[in-house]
Amino acid sequence: NCPAGQNGEDVVAPINKMIETIPFDEFFYSLDWHPEDHISFYENVHTRELDTDSAITDHTKTNVFDLVVFKGPPKTEQILWPAHCIQESWGAEFHKDLTIHPKGLVVKKGCTPYIDSYSAFFDNKKLGQTELESLLRSRGVTDVYVCGIAYDVCVASTAYHAQELGFRTVL
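The structure displayed is predicted, hence computed values, not measured ones.

Caption draft 1: Spotlight on unusual backbone geometry. Residue P73 is bonded to the preceding G72 through a cis peptide linkage, with omega at 5°. Tracing the backbone shows P73 in the loop between strand 2 (67-70) and strand 3 (76-79). Note that the residue after P73, namely P74, is joined by a cis bond; omega there is -15°. Tracing the backbone through its elements, the reader meets P74 in the loop between strand 2 and strand 3. Its identity is not glycine, yet F65 carries a phi of approximately 80°, on the positive side. For F65, the position within the fold is in the loop between strand 1 (28-32) and strand 2. We classify F65 as exposed; its relative accessible area is 53%.

Caption draft 2: A look at the packing of aromatic side chains. Tallied over the entire structure, the rule returns six aromatic pairs. Aromatic pair F65 and W81: ring centres 5.6 Å apart, planes at 80°, arrangement edge-to-face. Of this pair, F65 sits in the loop between strand 1 and strand 2 while W81 sits in the loop between strand 3 and strand 4 (105-109), and the two are 16 residues apart along the sequence. Residue W81 is classed as buried on the basis of its relative accessible area of 11%. Every member of this aromatic cluster is reached through a ring pair, and the members are F24, F27 and Y145. Residue placement shows K108 over the ring face of W33; its charged tip is 3.8 Å from the ring centre. The ring of F122 is capped by K126, whose NZ or CZ atom sits 4.8 Å from the centre of that ring.

Criteria and thresholds
Residues numbered from 1 in each chain as written. Predicted model: local features only at pLDDT ≥ 70, side-chain atom pairs only at ≥ 80, totals over all residues. Heavy atoms only, no water. Helix = DSSP H or I, 4+ residues; strand = E, 2+ residues; numbered from the N terminus. Buried < 20%, exposed > 50% of the residue type's maximum accessible area, 1.4 Å probe, protein only. Phe/Tyr/Trp six-rings, centres within 6.5 Å; stacked < 30°, edge-to-face > 60°. Lys NZ or Arg CZ within 6 Å of the ring centre and 35° of its normal.

This is the structure in structure tokens:
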């Protein structure tokens with residue numbers, strides 16, 4: 001689950017069909033779970049100092065989807081997203097029509113304010129890791145099917161890391 005463009009809900013029906021028709025052994029759901037002061041939020045850009053390496057060094061000249069560099073430590077390159085998936089808010093909930101399998105486990109990501117986390121496995125700098133890899137390995141999972149919202153960002157990053165970690169990965 002990540003910020004997405006128009007018609008993001010179009011993925012719900014195909015995902016539900018997979019859940020209902022394919023006998024997967026395990027089900028995992030990733031969920032952005034951002035604090036209100038998250039580094040990725042455009043609304044928070046003024047709360048952090050921009051680095052001189054940033055193409056934009058004036059907070060007042062930034063826009064949603066701009067790429068900026070925040071001073072460290074660690075120095076952080078960040079795309080500015082609209083505020084989304086704020087902890088305990090309706091925006092952090094799964095789509096109302098998404099089937100949540102009774103055996104499904106939820107992995108929360110992007111929980112710390114100072115670093116983004118596109119992948120369901122690692123934050124963007126690999127300074128921290130979610131529990132997803134250990135959950136998969138403890139259940140003997142070898143093949144991972146990855147789907148969801150924001151194919152070009154969160155879904156792709158998760159699939160890339162699954163493959164990097166040695167899981168046979170289907171995107």
